[in-house]
Every structure is written in structure tokens, then in C-alpha cells.
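So you can see what is in the structure, the chains are spelled out below.
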Amino acid sequence: MNYSIRKHTALFCAAGLVLSLSGCGAAVSVEKNTVSSTAASSVSADSESASVSAPQPAAANSTAVHSKELTLDEDLDFYSAPDSAASAVSAASAAESILSSAEDAADASLENMFSVAPAETVSGSASAESAVSEAVEAASAAEATSVSTAESVAESIAASSVESTAESTVESAAESVTASAAEIIPAVDDVVTYEPVFFDPTWEYGGNSRINSGIATLYHAKPSIAKHITVCINAGHGTQGGSSVKTLCHPDGTPKVTGGSTAAGATEATAIATGMDFLDGTPESHITLALAQVVRETLINAGYDVLMIREAEDVQLDNIARTLMANNNADCHIALHYDSTDWDKGVYYMSVPSDSSYRSMEPVASHWQDHNRLGDCIIQGMSSEGISIFEGGSMEVDLTQTSYSTVPSIDLEVGDKASDHSGSTYPGLAAGILRGLDLFFAQTASN
């Protein structure tokens, strides 16, 4: 029953209309119960809103805030409600007190309804209505305050929950990523890497090369074992069409001082020879490539970086181009060959001729001693591995390779066409080269 109906009921009773006292009383009673129920409901809701306390984990979607009511899941009771929730309860209690006063005023109005003048009855009724209205407004205000406060609490709880969960998730993810990175990064970083090497015509003596479109490969040893020393391994021969092209034997155009694949006195030589065939018909270039690959792995595993001139049956790089790649990308240069003799004479290197004119020609004049020292060290390494050595381990030959080299450089003959060239021989030859390189660079470091 609304306030307007109650007001008119009281007026009609005061005017002497036939209306039972019990009917009027019931009207007021209903109104009293309605208002009392509303306020009590508000107080009850506020009390429930303010009851959150003990810490518990927050569940997803644990709050549902509506325009007139708030439902808080039990999962949210790990947060302590702010003081504003308690204030809402106090406000609701005050509203209940006002309501009680309004009820007393209404009762008094009913008791005196037939003993006072009509004007006084109307006045009393108006006072009761005013009191009830005030109580209802106070209760509504308390309810609004309670809902607003609860909403604020819920929002604070939700925000805190999200922030706490986000922080926890981020920390957990960061720890996981850090742990994973600790396992992954070393595995990624500590590996052998490689890069292509192209011929550069602007290099010193670059204009003397005639075949230089091929690409070499520079391998970098694992950082954890890297010596930061680069060795050029040149698998002899293996350039299709190379034997039909000529290049200058010496950078300055002077003639060769010794014979070899090209006779002494010649100023031009084959850009790169085809190589011999073993007694079983196997091409030398095929075997030098297979051996070079084993040497590459051996050196890389020992911490050396390796510049591989050739990694296929054919690479379009002549002797000058190969030498200049070594000059500009490596600390030394070893070309692998087998001699054309047929009596299995053993291993040796081609040393720098003792001819004074040749040793005074640049770049030979500045590097010939290092060429020979490298060769001597490699022969010592081979000998320590039990490999047969030809005579003193060296033979003087005027080579295009050493004529253009600006880093320690040798042509290493590891056997001849009668030698065992099976794969079983490669590890021993590779180990001898490694021992010789270790000796050479140890000497270099001490000088």
C-alpha cells in the first residue's frame, strides 16, 4: 500500500466516513511492515557485504555487481572489507531507529484519530506520513550507500585480485622463461657457425686471377673452445675448365725459377690443374676433398676456425683466387695434394726455393721463412702420428700459391698415386696436421 492511499484512508476516517478502525490499522500495519522489511533487508545486505575477512585464493568471475544488489562469492572472503562497509551498516541502523520513531508516531495518530478534531487528525496523519517518508528515504539512502560501498569493495577486490594474479603470473612466467633460457641460450650460442666468402677483385693481386666466381665457406668453432685462429684448408684441384686458362706465375711477371707442373722459365702457368688419377682410377680431386672434410672437422673440434676453399667436386676458383681468399680471411693456408709419382713415397711439403732472386721478390721476401716454418711443424706433427715422411719432409718448388701468399702457406703432399687413399687414412693425416698447427701457433705466440 503506497503513501497516498494511506493518507486518504486516514482523512476519510477523520471525516466520519464509515470505515472500521481495524481496516485503518491494517493499512498502517501493512505500510509499517513494508517499510520495516525494506530497511531490514538493506541492513541484512550490508551486514553480509561487510562480513568478508579471512585470506583465500580468488576464483575467476567471483563478483556480480548489479544496480540494486551485490552477490559476493565465498571465494572472495579473503579480502577485508574497508571501513566504508561498516559505515554503511551504521547508516542502516540509524534508518531503522528513525523508522521505529515513525511507527510510534503512526500508532499515536491512530489512537487519537477519533478524539481529536478533523484538522488535528489530518495534521497527525501528515506527521506520521512525514516520519514514515523520512524513514523510507533514510533506508533508501542507507541501501544506496550499502550498495555503492559494496560495489566499491567488489571493484577493489576484483582489481586487487587481477593485479595480484597478474603479478604472480608475470613473475611465474619470467622465472620459467629465465630457467628455459638458461638451458636454451648456451645450446644456441655454443655451436659451430659458418658464412660464405666471396672473391674481392680489389684485394692485392686480385687483378691476376682469372677464375674467381666460386664461393668459399668460413667455419667458426664453438665459442667455448675457440682459439680465434683461422686455418685455410684448400682441397687441391676441382675447378672445371681451369687447365685451359693461364695466369701469371709471379705477381711481378718474372719467370719461374724451378720446374713442376709448369717448366722453369715460364711466366704463365695453368690457372689450376686437373690433378692426377690414382692407380685405381680415382681422381685426385675426389680424394683431396674427402680428406679436407675430415681435416675440417678435426680442426673445428679443436677450436680452430676453418676456411674451406672447396666443399664440392667443382668450385670456380683458380690458384690465385684461392690464395688471395686465404690471405684475406685466414692465419695460414694448407693446400692438400697427392703427388703424381707411383711408389708411395710418403708425406712432404713444397718449400720455398733457395734462389735469391725468388726469395727477394715480394710477397715471398716478407713471408718465405714463415712458409717453411709452417711446413716443418706439419711434418713434425705427421711424424708424431707415425706417418711415413718422404726424405727430409720437404722439396723446393716454385709454386703460384707461395708466390702470392701473405700468410704462412704450404702445399702439403700427403702421398702419391700409389698410396692408400681410403677413408681409414684420413683421421691419422688430420691428426698430424692438427699437431703441426698446434706446434706452429705455439711457436708463433712465444715469439
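For the structure itself, consult the block above.
Just so you know, these numbers come straight off a predicted model, no measurement behind them.

### Looking at the pairing of strand β8 (residues 305–308)
Here's step 1: Because side chains alternate across β8, one face comprises the buried residues Asp305 and Leu307, and the other comprises Val306 and Met308, equally buried.
Here's step 2: Sheet topology note: the strand β4 (residues 215–220)/β8 ladder contains 3 bridges and is antiparallel. Its bridge partner being in β8, Leu218 is matched across the sheet by Leu307.
Here's step 3: Pairing of strand β5 (residues 230–235) with β8, which is carried by 4 bridges, proceeds in the parallel orientation. Looking at β8, one finds that Ile233 is bridged to Met308.

### Brief notes about unusual backbone geometry
What is expected of a backbone is that most residues other than glycine have negative phi and most peptide bonds are trans.
Here's step 1: The linkage connecting Glu362 with the following residue, Pro363, adopts the cis geometry, with an omega of 5 degrees.
Here's step 2: Following the sequence through the fold, Pro363 ends up in the loop between α7 (356–359) and α8 (364–384).
Here's step 3: Phi at His237 is positive, roughly 70 degrees, even though this residue is not glycine.
Here's step 4: Assessed through its relative accessible area of 10%, His237 is described here as buried.
Here's step 5: Here the phi dihedral of Glu391 falls at roughly 45 degrees; this positive angle occurs in a residue that is not glycine.

### Regarding the layout of surface pockets
Here's step 1: Within this model, the largest pocket holds a volume of roughly 690 Å³.
Here's step 2: Around the largest pocket, the lining is made up of 34 residues, and of these Ser261, His337, Met350, Leu399 and Asp411 lie nearest the centre.
Here's step 3: Only β7 (268–270), α6 (319–329), β9 (332–339), β10 (347–351), α9 (400–404) and β12 (409–416) provide two or more residues apiece to the lining of the largest pocket.
Here's step 4: Per-element accounting of the lining of the largest pocket gives the leading share, 5 residues, to β9.
Here's step 5: Split into classes, the residues belonging to the lining of the largest pocket amount to 11 nonpolar, 16 polar and 7 charged.

Rules of the game
- Residues numbered from 1 in each chain as written.
- Predicted model: local features only at pLDDT ≥ 70, side-chain atom pairs only at ≥ 80, totals over all residues.
- Heavy atoms only, no water.
- Buried < 20%, exposed > 50% of the residue type's maximum accessible area, 1.4 Å probe, protein only.
- Helix = DSSP H or I, 4+ residues; strand = E, 2+ residues; numbered from the N terminus.
- Pairing = 2+ DSSP bridges.
- 1 Å grid on protein atoms, 1.4 Å probe; cavity = no way out; pocket = protein on both sides within 12 Å on 5 of 7 lines; lining within 4 Å.
- Points joined across faces, edges and corners; volume = space filled by probe spheres on them.
- Nonpolar A, V, L, I, M, F, W, Y, C, P; charged D, E, K, R; others polar.

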